[in-house]
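Examining the three-dimensional arrangement
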Amino acid sequence: MYSTFAASTDADALEESAYLFNQSQHEFLSVPLSHENEHPKPHAPATVAMSGLNGLMYGQYSESSSSSIQYGDTSSESQSRTSKAGFILQKPLPYVKTETISTQEFMAGSPGIFSYDSKPSSTPELPQISEATSGTHRSSTDPVKRKTIDFRANSSIPAALSWEEFARQSILAAESSRLNPFSLHPEEYKLLREHITHAQVTVYLNIRNAILRLWTKNPLVCVTLEEASGCARDKRYFGLAKVAYHWLLRNGYINYGCVEVPNTTGIAARAKAKTSRSKTILVIGAGMSGLGCARHLEGLFTQLGEQWVSRGEQPPQVIVLEGRPRVGGRVYSHPLRNQSGSNIPLGHRCTAEMGAQIVTGFEHGNPLNAIIRGQLAIPYHGLRDNTILYDHDGTIVDKSQDTLVEKLYNDILERASIYRNKPATFRTVEGDRNLILFGRDPSDSGGATISTLESSNTPLPANASTSASTTEEKPSSGVEKLAGRAYQLTAGFNPNISAVEAAMTMGWNLKYGSTTDRTLDLNSFAKSTDYPTLGQTMDDGIRQYQEILELKPRDLRLLNWHHANLEYANAANVNQLSLSGWDQDLGNEFEGEHTQIIGGYQQVPRGLWQCPGKLDIRFKTAVKSIQYNTDESHNGKAVRVLCTNGEVFDADQIVLTTPLGVLKSGSITFQPPLPDWKQGVIERMGFGLLNKVILVYEKAFWEPDRDMFGLLNEAEHRASLDQKDYASRRGRCYLFWNCIKTSGRPTLVALMAGDAAHYAEERSNDDLVKEVTGRLLRMFAPKIVPLPTETIVTRWRRDPFACGSYSYVGPKTQAGDYDVMAKSHGPLHFAGEATCGTHPATVHGAYLSGLRAAAEVVESMIGPIKITSPLVEKKVKLEHAPQTTPNGSRPDMKRAAGPGDSNLGTYSGDGSQRENPNSQRLRDEDYEARIIGAILTEIGERPIKPGRAGVNPFLLYTKDFWPICKKECDEARKAATGDVNAKASKTDVRTAVGLRWRMATDEVKKPYLDVTQRARDEAAAYAASYKDRVATWDKKAERIRHEFIQNNPPPGGNEELLNSRTAIEMGTGKRLRRT
Ligand SMILES: Cc1cc2nc3c(=O)[nH]c(=O)nc-3n(C[C@H](O)[C@H](O)[C@H](O)COP(=O)(O)OP(=O)(O)OC[C@H]3O[C@@H](n4cnc5c(N)ncnc54)[C@H](O)[C@@H]3O)c2cc1C
């Protein structure tokens, strides 16, 4: 037959690095800007893109592009670089060697595409560091020239930005890092509570957010401690900056992924330690979690190497043991047999995704954003939600019927969501939101520490609170059919609406005799068993709706299509999903369009393996047994790992990233056996199955621009009205992905979800191809549907290195089980998607778990982040109070280093603090400051590039209706639980507001839409006049400068001053920022 069976363990899948970032793609790579690029030089195009998140982040792309293929992009220039073909072409990289780099060179770790020879890698405000790096490629083995390191308050805060704009960018950066910009992460809270006051929380958050701003602006360049210190407004806060920096660094919020990091250990110290022993960390598994962990460990050992060297040890070595002959694990892009006639950019091979395929949004915290778009600049294709559904007989389902049934499905889903577990709460402290919004520090940050206040009877300040989450609450974003993990309950639900009322509002016709107060009672299933499932409960809901509405077989097929979509997202039949916890990750979805990687998702794990230097991975080294010792007083290595190929490895600690399916299978034995709490959770958690039938054709017979199409399945008994008749078949080819734009050849991927995934494991390839072809024939008749030229069928359950597809929350899974999975046991650490409760079953979740495990390993070796005491020095009274010039500038802007600087003394190389800048420079700067003062006093700040209107009608509506919906939801929760004190969760309230908005008449919506439109018009008008206003401002500034110099001649002549402009006048730099 025509089919080829490809297994995820194929030996011919051995790594071929030639396909990794082939040199022919150089022009597509993101420009590895230093953090400097926020201050373009004069005559450079105005690239300071400060309008909205897109302008801030490298991920911006041209929305006007005619193609949806996008590349990572570092600046707002992308629009001007849009080619006719619609690709967003980058300028040739000035710093990438133009001669061809051979694969061998790349493999040998020679300076490859990521060298940036002529670019400084730090801010221009830190000339010493620039010197240290300019002209030479700073490799991880070259220590930073330590004697040149300098710490200067404010040096990482661009003067060109108003404080509000700076704050806005910093807040967005925190949100893009999954951190709440206005409150401490619970771990930060624990770390700091004994050391800082409530007011200092605000200072800390301002610094922390500003450090994240540096990182998110350009993750091709690591953030240094000096740059982090430059985020403090006063050197007294250098200690806070240091803690923030180390916390972000260790926990993988900055300097993660494929970025070169500086080695801070002196050459002499390292030479001395060379002869000494080093510890060994084994990472088992080279999937996204293992690679993420190993890469981050390497980075931390390089950046924090001094901690080991000072103890006479070398930094630990990291070895990855991988059973397969390739990296990526469940991210596997199988190369197609026929590579000719590819329609994707040169240098990318034609592949089919056997495992992960969709990046579920880059915005709002996806760590892969930095890696895919910011570091590796891998092209991707944005998916459009333009699904059409075919019925089982090949007819296209009417859109209005599809929408009607979808509303009904969401209504039942949301009625079932009342039984959802409440999210755990964590104690934390908030900063002063208003100050943070305006980029200000409190004027007085003294007082008692947080812990002192908490243990005293003194009433806590308003911002000392317990909070359930560490990320900003965000409204639900609308129903989507786009498959992928982020299938969320997006339509709102008002629990006070009876089923009949809801159905009428949706547009359903009622059966005769249905009274308006008739509603659903889901308690019979939800409360009758200890382990209720989502499927049983929803099917009961559907049955009850059938009593009210005349549901037809096609409606049942449509409802079951939605079940199949949930079964895809959860890799399990809905009857195996826990009612209370199946969507425990709700609220953590990312934002932005879903995308597919062009040329294969596996480029991402390959990048992590190879960039910036190769990780030590031992392929075909499957682990079969782990002997370990939890006794801390034990001498020698704590772990011995035995492999099926006979190799034995001794290690001090290991990070186990093998899939939950592998752990469940018992193919790895533990000596002693894992404790009950760990074995128990492995058994309780669900590990499900999803399979794919991939068909490659010579020519597309479908619409090439439609990214996917759905297919309804008939019940076991034709035209059945009984839900249970649909369960076994509903997931068969229920969705086809059209991968023509990403795989390089006309390729369809048919998803086999729920029970159908198991069916695919048992059927022969030929049977499956025949079945899928038959379905396609009906869908595309009278077109001729040829047989595929190549077929790939996945069977993830049979794969011994996966034993299934991904984890799900089964009926016996308990709240918090993902965290128990993540918990380490002695020298054994655990990572992998099934250990990431916030983003399970995803590539990004796996990656995040690797970062978490790396932080745990480091902490277990060198202890928690050290905090100096006092962390914030008391204000030093100056002998002379700072004088203010008539125009508001401060002559003492560059004060001598004070005691606060000592916090960072250990990083200053020879231990000495830097001297004052010379008095000549001070005088010049003071004079310039007076000029700037005169300009600002007369004409104010230079106009800032306008941002987006940022007004959203739904958010305005939410503001008004939140209290009403909250009250209603609280009542419903009380009724459902019988607990008079029960309160609805924020998610419930949000969904209720969502529904109300969706159901609202045009009249109700109008005022909100009008306000939004007005704001948008104003923003557009403001943007249109921006250029003129800037030109006028520049002219006036030039005039004021001249007048000032004429009237107040500076000592030593004025030639240069007359012709120069400060950064503020150019809207770019930062020197002489007003304080
Ligand atoms: C069909 C399918 C579709 C998916 N679609 C998406 C999607 O669209 N979007 C998304 O975000 N996620 C998707 N996922 C989920 C995603 O692929 C996984 O969550 C993620 O890749 C898991 O990474 P991991 O590092 O935890 O595990 P893995 O990638 O499985 O890595 C574990 C590694 O351990 C190795 N290993 C196993 N046993 C041993 C042993 N005994 N000795 C040594 N090594 C061993 C394995 O070979 C593997 O390399 C999909 C998964 C599947 C299967």
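What you are looking at is a predicted structure, and each value in this text was computed from that prediction instead of being measured.

**What to know about the overall build of the protein chain**
Summing up its helical and strand segments, the protein chain has 33 helices and 25 strands in all. Looking at the 1075 residues of the protein chain, the share that counts as buried comes to 60%. In the protein chain, the proportion of contacts linking residues at least 24 apart, taken out of those at least 6 apart, comes to 79%. When the accessible surface of the protein chain is split by element, carbon and sulfur atoms take 52% of a total near 42600 Å².

**Here's the deal with helix H18 (residues 534-548)**
When the terminal C-alpha atoms of H18 are compared, their 21 Å separation across 15 residues agrees well with the 21 Å that a helix rising 1.5 Å per residue should span. The buried fraction of H18 is high, at 12 of 15 residues. Buried residues of H18: Leu-534, Gly-535, Thr-537, Met-538, Asp-539, Asp-540, Gly-541, Ile-542, Gln-544, Tyr-545, Gln-546 and Ile-548, and no others. In this structure, the buried residues of H18 make contact with helix H13 (399-416), helix H16 (499-506), helix H17 (523-526) and helix H19 (553-570).

**Concerning the nonpolar core**
Counting 101 residues, the largest nonpolar core has Ile-211 and Leu-297 as the members making the most contacts within it. Top element by residues in this core is helix H27 (residues 843-862). It accounts for 11 residues. Excluding anything up to four places from it in sequence, Ile-211 contacts Val-223, Ala-228, Cys-231, Ala-241, Ala-244, Tyr-245, Leu-248 and Ile-254. Core analysis: the second largest hydrophobic core is formed by 71 residues, Tyr-332, Tyr-568, Val-696 and Leu-751 among them.

**Digging into the packing of aromatic side chains**
Within the structure shown, the criterion is met by 23 aromatic pairs. Ring centres of Trp-247 and Tyr-253 lie 5.1 Å apart, and the angle between their planes is 20°; on these two criteria the pair is classed as stacked. Accessibility expressed as a relative area gives 4% for Trp-247, which makes it buried. Look at Phe-362 and Tyr-380: their rings are 5.0 Å apart centre to centre, the planes differ by 55°, and that puts the pair in the tilted class. Placement of Phe-362 in the loop between strand S6 (358-359) and helix H12 (367-375) and of Tyr-380 in strand S7 (residues 380-382) is noted, with a sequence separation of 18 residues between them. The class for Phe-362 is buried, based on a relative accessible area of 3%. Classification of Tyr-380 as buried rests on a relative accessible area of 0%. Linked through ring pairs, Tyr-390, Tyr-697, Phe-701, Trp-702, Phe-709, Phe-736 and Phe-780 together constitute an aromatic cluster. Above the ring of Tyr-531, the side-chain terminus of Lys-812 is found at 5.2 Å from the ring centroid. We note Lys-1005 situated over the ring of Trp-997; from NZ or CZ to the ring centre the distance is 5.0 Å.

**A look at the site of the ligand**
Around the ligand, a shell composed of 38 residues is seen, among which Ser-289, Glu-322, Arg-330, Val-623 and Glu-833 lie nearest. Gly-323 places a main-chain nitrogen or oxygen 3.1 Å from a nitrogen atom of the ligand. Between an oxygen atom of the ligand and a side-chain N or O atom of Arg-324, the distance comes to 3.0 Å. Put simply, the parts of the chain that give the shell around the ligand at least two residues each are helix H10 (288-303) and H27. A breakdown of the residues in the shell around the ligand according to their chemical character gives 20 nonpolar, 14 polar and 4 charged.

**Quick word on the sheet that holds strand S12 (residues 617-618)**
An order of S12-S3-S2-S16-S25 is seen for the 5 strands of this open sheet, with the pairing classed as parallel. Of all the strands in the sheet, just S12 and strand S25 (828-830) have a single pairing partner and so form its edges. Bridge count between strand S2 (residues 278-284) and strand S3 (residues 314-321): 6 bridges; the pairing is parallel. Looking at the pairing, Ile-281 lines up with Val-318 of S3.

**Notes on the confidence of the model for the protein chain**
Here the protein chain averages 79 in pLDDT, while 74% of its residues score no lower than 70. Confidence over residues 71-147 falls short of pLDDT 50; this stretch has 191 contacts with residues more than four positions distant or in other chains. Here residues 467-491 is modelled with pLDDT under 50, and outside its nearest four sequence neighbours on either side it reaches 107 contacts, counting other chains as well.

**Focus: the pattern of salt bridges**
Once the charged atoms of two side chains with opposite charge are near each other, the side chains can pair. This structure, assessed with the given rule, holds 38 salt bridges. Taking the shortest distance from any N to any O, the salt bridge between Asp-705 and Lys-741 comes out at 2.8 Å. Pair noted here: Asp-705 is in the loop between strand S19 (691-696) and strand S20 (708-711) and Lys-741 is in helix H23 (residues 740-743), with a separation of 36 residues, a long-range link. Under the relative-accessibility criterion, Asp-705 is labelled partly exposed at 48%. Overall, Lys-741 belongs to the partly exposed group, its relative accessible area being 22%. Ionic pairing is found between Asp-767 and Arg-763, a salt bridge with its closest N-O pair at 3.5 Å. By sharing partners, the salt bridges in this structure join Arg-193, Glu-194, Arg-427 and Glu-454 into a single network.

**Some thoughts on the sheet that holds strand S17 (residues 669-671)**
Read from one edge to the other, the open sheet built from 4 strands follows the order S15-S14-S13-S17, with strand pairing classed as mixed. Edge strands, defined here as strands with exactly one partner in the open sheet, are strand S15 (648-651) and S17. Pairwise comparison of adjacent strand axes, ignoring direction, gives a mean angle of 15° for this sheet.

**Thoughts on the environment of Leu-510**
Structurally, the position occupied by Leu-510 is in the loop between H16 and H17. Under the relative-accessibility criterion, Leu-510 is labelled partly exposed at 27%. Through-space distance from the C-alpha of Leu-510 to that of Tyr-545 is 9.8 Å; in sequence the pair is 35 residues apart.

**Here's the deal with the packing of H10 against H27**
One can describe the packing of H10 onto H27 by two numbers: an axis separation of 7 Å at closest approach and a directional angle of 40°. Overall, the two elements H10 and H27 adopt an arrangement that is oblique. Read as a crossing pair, H10 and H27 show a hand that is right-handed. Packed against H10, whose contacting residues are Met-288, Ser-289, Gly-292, Cys-293, His-296, Leu-297, Leu-300 and Phe-301, the element H27 presents Val-843, Ala-846, Tyr-847, Ser-849, Gly-850, Leu-851, Ala-853, Ala-854, Val-857, Val-858 and Met-861 at the interface.

**As for the environment of Lys-966**
Tracing the sequence through the fold places Lys-966 in helix H29 (residues 953-977). Taking C-alpha positions, Lys-966 is 8.8 Å from Ser-985, a pair spaced 19 residues apart along the chain. Excluding residues that lie within four positions of it along the chain, Lys-966 makes contacts with Lys-983 and Val-989.

**Structural notes on the state of the cysteines**
In total, this model carries 0 disulfides according to the counting rule given. Cysteine Cys-258 shares no disulfide, and the gap to the nearest cysteine sulfur, in Cys-611, comes to 5.2 Å. Here Cys-258 falls in the buried class, since its relative accessible area comes to 5%. Cys-965 carries a free sulfur, and the closest cysteine sulfur to it, the one in Cys-969, is 6.2 Å from it. Here Cys-965 falls in the buried class, since its relative accessible area comes to 1%.

**Describing unusual backbone geometry**
What you tend to see is this: most non-glycine residues have negative phi, and most peptide bonds are trans. Residue Cys-611 is joined to Pro-612 through a cis peptide bond whose omega torsion reads 5°. Within the secondary structure, Pro-612 is located in the loop between helix H20 (603-610) and S12. Each neighbour pair has its own omega, and for Ala-781 with Pro-782 the value is 5°, a cis peptide bond. Within the element layout of this structure, Pro-782 appears in the loop between helix H25 (765-780) and strand S23 (790-793).

**Considerations on the side chain of Thr-449**
Within the secondary structure, Thr-449 is located in the loop between helix H14 (433-437) and helix H15 (450-455). Within the structure, the side chain of Thr-449 is placed 2.5 Å from the side chain of Thr-452, a separation counted as a polar contact. Among all residues touching Thr-449, those that are not within four sequence positions of it are Arg-193, Glu-194, His-195, Ile-196 and Thr-197.

**Focus on the packing of helix H8 (residues 238-250) against H10**
Running from amino to carboxyl end, H8 crosses H10 at an angle of 150°, the nearest separation of the two axes being 10 Å. The angle between H8 and H10 places the two elements in the roughly antiparallel class. Contact residues: Tyr-245, Leu-249 and Arg-250 in H8; His-296, Leu-300 and Gln-303 in H10. Tallied by class, the residues present in the contact of H8 with H10 amount to 3 nonpolar, 2 polar and 1 charged.

**A few points about the pairing of strand S22 (residues 747-752)**
Among the 6 residues in S22, 6 count as buried, and that is most of the element. Side-chain alternation along S22 places Thr-747, Val-749 and Leu-751 on one buried face and Leu-748, Ala-750 and Met-752 on a second face that is also buried. As judged from the 6 bridges shared by S19 and S22, these two strands associate in the antiparallel manner. In the sheet register, Val-693 faces S22, and the bridge partner there is Ala-750. Here 5 bridges tie strand S21 (residues 732-738) to S22, and the two strands are oriented antiparallel to one another. By the bridge assignment, Trp-737 is partnered in S22 with Val-749.

Analysis parameters
Residues numbered from 1 in each chain as written. Predicted model: local features only at pLDDT ≥ 70, side-chain atom pairs only at ≥ 80, totals over all residues. Heavy atoms only, no water. Helix = DSSP H or I, 4+ residues; strand = E, 2+ residues; numbered from the N terminus. Buried < 20%, exposed > 50% of the residue type's maximum accessible area, 1.4 Å probe, protein only. Contact = heavy atoms within 4.5 Å. Areas by Shrake-Rupley, 256 points an atom, 1.4 Å probe, with all protein chains shown as cover. Expected span 1.5 Å × (residues − 1). Core = buried A, V, L, I, M, F, W, Y, C linked by side-chain atoms within 4.5 Å. Phe/Tyr/Trp six-rings, centres within 6.5 Å; stacked < 30°, edge-to-face > 60°. Lys NZ or Arg CZ within 6 Å of the ring centre and 35° of its normal. Near = heavy atom within 4 Å. Polar contact = N/O pair within 3.5 Å; in protein donor to acceptor, adjacent residues only side chain to side chain. Nonpolar A, V, L, I, M, F, W, Y, C, P; charged D, E, K, R; others polar. Pairing = 2+ DSSP bridges. pLDDT = per-residue confidence, 0-100. Salt bridge = Lys/Arg side-chain N within 4 Å of Asp/Glu carboxyl O. Axes fitted to C-alpha atoms, helices over the stretch in contact; angles between N-to-C directions. Parallel < 35°, antiparallel > 145°, perpendicular 65-115°, else oblique. Left-handed = near helix turned anticlockwise from the far one by under 90°. Disulfide = S-S within 2.5 Å.

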